[in-house]
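Structural overview
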Amino acid sequence: MENQNIEIVIIEDEEDILELLEYHLNKEGYRVTGFLSTENVEQFLEEESPALMIVDRNLPGIEGSEFIAYLREAGYNIPVIFLTARDQEKDLEEGFRSGGDDYMTKPFKTKELLLRIEALLRRAGVSSNDKVKYRDLVLDMHQHTLSIEGKQIDLTNLEFRLLHTFIKNPHQPLDRDFLREEVWGDDSTDFHDKTINVAMNRLKKKIDPTGEKEYIAPVWGVGYKLV
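Structural notes, computed from the coordinates. Treat the numbers as computed from the prediction; the structure is a model and nothing was measured. Per chain, residues are indexed from 1 in the order of the written sequence. Only residues with pLDDT of at least 70 get local features here, since the model is predicted, and only at 80 or more are side-chain atom pairs given and counted; chain-wide, interface and lining totals rely on the full set of residues. Hydrogens and water are ignored here; the side-chain numbers use all heavy atoms of the structure.

1. A look at helix H7 (residues 176-184)
Along H7, the positions that sit buried rather than exposed are Leu179, Val183 and Trp184. For H7, the angular spread of the buried residues around the axis is 80 degrees, confining them to a single face. With respect to the buried face of H7, the exposed residues turned more than 90 degrees away are Asp177 and Glu181. Residue contacts are counted whenever heavy atoms from the two residues lie within 4.5 Å of one another. Secondary structure elements follow DSSP: runs of H or I of four or more residues count as helices, runs of E of two or more count as strands, with numbering from the N terminus. Where H7 is buried, its residues touch helix H6 (157-168), strand E10 (174-175), helix H8 (193-207) and strand E12 (223-226). A positive backbone phi angle near 55 degrees is found at Gly185, which sits one or two residues after H7. For each residue, the accessible area found with a 1.4 Å probe, counting protein chains only, is set against the maximum for its type, and the residue is called buried under 20%, exposed over 50%, and partly exposed in between. Along the arc lie the directions from the helix axis toward the C-beta atoms.

Below, the structure written as structure tokens:
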């Protein structure tokens, strides 16, 4: 199945709806983990990196939008679709202001939900065919190659990981400690800030030799961000 590398989390306290969602998403090839409440979700997110979350608002313990606001405050930026019976204008506003990326009301059409999931995954730089796209950058996660406007660009493994890290976190300032952990990991014993600067300059020259496209911009006092 072409979506098998994409994991979706569902938080829905009505078991029949949860099972229905799991069935349709599994049928599309997604990997699905369902929760009947927010309990254990944060622990799960510490260990896994789902591509998207579908969240009901009427949940036991903590209301769904409050939980997402809490996750956003904690630094989680996973795209969220609220799927809820709350259909008033103020409910919609609360959902988006709490950190939701899309909002659907029950009863819902399965096909529409699947299309919204696809659209949100595309916007988040996640694709279902082992390719990750941002602007005209296309990373092939299987072949470990980059192409820009159809032309293949040679990257080292480290440069590939570095660019992928930015594409997974678009428009967000990424500090040097985060990049060190994500990209260099255990190989960072002799690491210093200049290591990142050198790697960033090499990457930028490869993907934007003329400097016209300005994919990556420095953020003063922090690090860099994909723009």
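2. Section: the pattern of salt bridges
Put simply, a salt bridge is a Lys or Arg side-chain nitrogen that is within 4 Å of an Asp or Glu carboxyl oxygen. Evaluated as defined, the whole model comprises 14 salt bridges. Of the charged contacts in the structure, one is a salt bridge between Asp91 and Lys90, with a shortest N-O distance of 3.6 Å. For the salt bridge of Arg97 with Glu93, the shortest nitrogen-to-oxygen distance reads 2.9 Å. Of this pair, Arg97 and Glu93 both sit in helix H4 (residues 89-97), separated by four residues, roughly a single helical turn. Since its relative accessible area comes to 69%, Arg97 is described here as exposed. By relative accessible area, which is 43% here, Glu93 ends up partly exposed. Connected through shared salt-bridge partners, Arg57, Glu63, Arg86 and Glu94 make up one network.

3. Quick look at the side chain of Asp56
Mapped onto the elements, Asp56 comes out in the loop between strand E3 (52-55) and helix H3 (64-73). Residue Asp56 is classed as buried on the basis of its relative accessible area of 3%. Any pair of N or O atoms that falls within 3.5 Å is considered a polar contact. Within protein, one atom must be able to donate a hydrogen and the other to accept it, and sequence-neighbouring residues count only if both atoms are side-chain atoms. A polar side-chain atom of Asp56 sits 3.5 Å from the main-chain amide nitrogen of Asn58. With residues up to four places along the chain from it excluded, the contact list for Asp56 reads Ile11, Glu12, Asp13, Gly64, Leu83, Thr84 and Lys106.

4. Section: unusual backbone geometry
Most peptide bonds take the trans form, and the phi angle of most residues other than glycine is negative. Note that the residue after Lys106, namely Pro107, is joined by a cis bond; omega there is -5 degrees. Position of Pro107 relative to the elements: it lies in the loop between strand E5 (102-105) and helix H5 (110-123). Phi angles above zero are rare outside glycine, and Glu149 is one such case at about 55 degrees. Inspection of the secondary structure puts Glu149 in the loop between strand E8 (145-148) and strand E9 (151-153).

5. Quick look at the pairing of E8
Alternating residues of E8 divide into Leu146 and Ile148, all buried, and Thr145 and Ser147, none buried. Two strands are counted as paired when DSSP detects at least two bridges linking them. Sheet topology places strand E7 (residues 137-140) next to E8; four bridges connect them, and they run antiparallel. By the bridge assignment for E8, Leu139 is matched with Leu146. Remark: four residues form the turn of the hairpin made by E7 and E8, two consecutive strands paired antiparallel; His144 in that turn has positive phi of roughly 60 degrees. The pairing of E8 with E9 spans three bridges and is antiparallel. Within E9, the position partnered with Ile148 by the bridge is Lys151. The turn joining E8 and E9, which pair antiparallel and follow one another in sequence, is formed by two residues; a positive phi near 55 degrees is taken by Glu149.

6. Describing the sheet that holds E5
In spatial order, the strands read E2-E1-E3-E4-E5; together these five strands make up an open sheet with parallel pairing. Of all the strands in the sheet, the pair left with one neighbour each is strand E2 (31-35) and E5. Each strand of the sheet is rotated relative to its neighbour by a mean of 20 degrees, with strand direction disregarded. Relative to E3, strand E1 (residues 7-11) runs parallel, the two being bridged by four bridges. In the strand pairing of E3, Ile10 is matched with Ile54. Set on the sheet, helix H1 (residues 15-27) makes contact with E1, E2, E3 and strand E4 (80-84); between it and E2 the angle comes to about 170 degrees. Fitted lines through C-alpha atoms give the axes, limited to the stretch in contact for helices. The angle between two N-to-C directions lies from 0 to 180 degrees. Relative to E4, H3 is tilted by about 170 degrees, and along the sheet it contacts E1, E3 and E4.

These figures capture arrangement, not role.
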